[in-house]
Amino acid sequence: MSKNGIKLNIWSDFMIIFRQKMIYIDEFTNGIFETNTETGNTKCLYYFDKEKKGKYRGYSSGILYDCKCYFIPFNENDILIYDIENNCLEELKLPDCFKGGIQFSNIKVFKNYLIAVSTYKEHYLLKLDLCNKNISIFNYDSVLLTDLTMTRDMIVLGNSILWGVKEKPYIIFFDIERNSFDIKKYIIPNGIGTIAEAENYIWINSYNKLYKIEKKTYNIVNIIEIEYDFHILKKKNSEIKEIKYNFGIELGWIQPFFRSEIISNKLFIFSAEVDSSIEVDLNNNKINNIIIGEKENDLTIKNLGTEARATSLKYLCVTSDTNLKCILLNSSLYGGFYKLWIVNDKIAFKHINYYMDMEQWGEYLKKSGMLVLKENDKVDLNKFLCVLKFMR
């Protein structure tokens, strides 16, 4: 970090990777930000006006297409298109019947279409034609029970987009040419946590099992047992203890894992709340438990009532670069982000802090409305470090 830099704790549900930079919208929708994936240097590319600014989780997903970032709403009622090269923003309003906003979390680009699926109880699919920018929204309650939660993973097979259901052993198919839905049911007792695809197979995780499914037949060809305990550190009466949870059952999770990525023929399955994750070597189906980051010495303790839980990493988002050579994991509790890659068939990772130089920080404070200055006024920003609580 630069000697004149301000260390930040960025909260965002997604990151778009573009030329060794992450582009994203922050949690409270102040603007569009850019972070260098090698140095952590952060700046604001575009400041939102008063109508958008300050809304909690306004946009929850984003994707890159043709040097433009497409941001999908969570608590907003429009799609934002940010032109990176020209630094300009376009808004595409959703139909009036969705003015309250639909909470989309899954997003893919396929055959000149952007497809987004609502993750939570509203079973909607958004289809944006990237050529003429026409928006179509489909409801698929007719093929699915209500009040079910979708997986955060989506894959593309043939002419279809696929995703899973967390509470049920269902895979949902959307045919992009016919605009039709279908559902396939499996004998998977605990529903679907994550879904990924590589070469001839689909990989589905459900609690302590990994299912290998053949693409051509959609038949389960192998079931792999996962020996795994969640490692969580808890603080009570000033004492930190490590507690092992058996697949999150005691925590009441629908599914303990929420995202998966494949790089260098290795499948990584990540949990949102704990230190441990899973690595699967797709060459030999060997499974390893991995812990990304340091343990006790680097914990940030958050006071949550009478008992505080701390983890060295809480994943807000998981994304891979376009060449599938590294995975980036944004961390809210530990701060900064982790960069994970493979070297000589072994996992390597490093932690990088977010920071903003003083000039950028002053501009951000002024334009975001966090610091009100009269025109041409100057301020010694170092004096504000002690009162800005979200800085580390």
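That block above? That's the structure.
Now for a quick tour of the structure. (Residues numbered from 1 in each chain as written. Predicted model: local features only at pLDDT ≥ 70, side-chain atom pairs only at ≥ 80, totals over all residues. Heavy atoms only, no water.)

A few points about the sheet that holds strand β12 (residues 124–129)
No. 1: Across the sheet, which stays open at both edges, the 4 strands sit in the order β10-β11-β12-β13 with antiparallel pairing between neighbours. The sheet terminates laterally at β10 (104–110) and β13 (135–139), the two strands that pair on one side only. Averaged over all neighbouring strand pairs, the angle between strand axes comes to 20°, with direction disregarded. (Pairing = 2+ DSSP bridges. Helix = DSSP H or I, 4+ residues; strand = E, 2+ residues; numbered from the N terminus. Axes fitted to C-alpha atoms, helices over the stretch in contact; angles between N-to-C directions.)

Digging into the environment of lysine 266
No. 1: Tracing the chain through its elements places lysine 266 in strand β25 (residues 266–271).
No. 2: What makes lysine 266 buried here is its relative accessible area of 3%.
No. 3: Taking the C-alpha atoms as reference points, lysine 266 and valine 280, 14 residues apart in sequence, are found 5.6 Å from one another.
No. 4: In this view, lysine 266 contacts Glu261, Glu279, Val280, Asp281, Ile342 and Asp345; residues no more than four positions away in its chain are not counted.
No. 5: Among the polar contacts listed, one links the side chain of lysine 266 to the side chain of glutamate 279, at a separation of 3.1 Å.
No. 6: Separated by 3.3 Å, the side chains of lysine 266 and aspartate 345 make a polar contact. (Buried < 20%, exposed > 50% of the residue type's maximum accessible area, 1.4 Å probe, protein only. Contact = heavy atoms within 4.5 Å. Polar contact = N/O pair within 3.5 Å; in protein donor to acceptor, adjacent residues only side chain to side chain.)

What about the sheet that holds strand β8 (residues 78–83)?
No. 1: Pairing within the open sheet is antiparallel, and its 4 strands lie in the order β6-β7-β8-β9. Each edge of the sheet is formed by a strand with only one pairing partner; in this case those strands are β6 (59–65) and β9 (88–93). Taken over all neighbouring pairs, the strand axes of this sheet differ in orientation by 20° on average, direction set aside.
No. 2: One ladder, built from 4 bridges, connects strand β7 (residues 68–73) with β8; its direction is antiparallel.

Details of the pairing of strand β4 (residues 31–36)
No. 1: Of all the 6 residues making up β4, 5 are buried; the element is thus mostly covered by neighbouring parts of the structure.
No. 2: Across 5 bridges, strand β3 (residues 21–25) lies against β4 in antiparallel orientation. Bridging across to β4, isoleucine 25 finds its partner in isoleucine 32.
No. 3: As paired strands, β4 and strand β5 (residues 42–47) are joined by 5 bridges and run antiparallel to one another. Looking across to β5, one finds that isoleucine 32 is bridged to tyrosine 46.

Overview of the environment of isoleucine 188
No. 1: By secondary structure assignment, the location of isoleucine 188 is in the loop between β17 (180–185) and β18 (194–198).
No. 2: Spatially, the C-alpha atoms of isoleucine 188 and proline 169 are 5.3 Å apart, while their sequence positions differ by 19 residues.
No. 3: Ignoring sequence-local partners within four residues, the contact set of isoleucine 188 consists of Pro169, Ile204, Ser206, Tyr211 and Ile220.

Quick notes on the nonpolar core
No. 1: Ranked by size, the top nonpolar core spans 32 residues in total, and within it Met22, Ile23, Tyr24, Ile25, Ile32, Phe71 and Tyr354 carry the most contacts.
No. 2: Looking at this core, the element that brings in the most residues is β3, giving 4 residues.
No. 3: Ignoring sequence-local partners within four residues, the contact set of isoleucine 32 consists of Ile23, Tyr24, Ile25, Lys43, Cys44, Leu45, Tyr46, Phe48, Phe71, Tyr82 and Leu89.
No. 4: Grouped together as the second largest cluster of nonpolar side chains are 17 residues, Ile115, Leu125, Tyr140 and Phe181 included. (Core = buried A, V, L, I, M, F, W, Y, C linked by side-chain atoms within 4.5 Å.)

Notes on the packing of aromatic side chains
No. 1: Applying the stated criterion to the full structure yields 12 aromatic pairs.
No. 2: A ring pair is formed by tyrosine 140 and tryptophan 163, whose centres lie 5.7 Å apart and whose planes are at 70°; its orientation type is edge-to-face. Pair noted here: tyrosine 140 is in the loop between β13 and β14 (150–157) and tryptophan 163 is in strand β15 (residues 160–165), with a separation of 23 residues, a long-range link.
No. 3: When the centroid spacing of 4.9 Å and the interplanar angle of 25° are considered together, the rings of tyrosine 140 and phenylalanine 181 count as stacked. One end of the pair, tyrosine 140, is in the loop between β13 and β14; the other, phenylalanine 181, is in strand β17, and 41 residues separate them in sequence. Phenylalanine 181 carries the same exposure label as tyrosine 140, and that label is buried. (Phe/Tyr/Trp six-rings, centres within 6.5 Å; stacked < 30°, edge-to-face > 60°.)

Considerations on the pattern of salt bridges
No. 1: Within the structure shown, the criterion is met by 16 salt bridges.
No. 2: One salt bridge in this structure joins lysine 215 and glutamate 197, with 2.6 Å as the shortest N-O distance. A residue pair is termed long-range when its members are at least 10 positions apart, and lysine 215 in the loop between β20 (209–214) and β21 (220–225) and glutamate 197 in strand β18 qualify at 18 residues.
No. 3: The residue arginine 259 makes a salt bridge to glutamate 261 at a minimum N-O spacing of 2.7 Å.
No. 4: Its relative accessible area of 13% is what places glutamate 261 among the buried residues.
No. 5: Connected via shared salt-bridge partners are Lys266, Glu279, Asp281 and Asp345. (Salt bridge = Lys/Arg side-chain N within 4 Å of Asp/Glu carboxyl O.)

Side note on the pairing of strand β31 (residues 337–343)
No. 1: In terms of burial, β31 is a largely internal element, 5 of the 7 residues being buried.
No. 2: The pairing of strand β30 (residues 326–331) with β31 spans 5 bridges and is classified as antiparallel. When the bridges of β31 are listed, leucine 328 appears paired with lysine 339.
No. 3: Linkage of β31 to strand β32 (residues 346–352), two consecutive antiparallel strands, is achieved through a turn of 2 residues, within which asparagine 344 is found at a positive phi near 50°.

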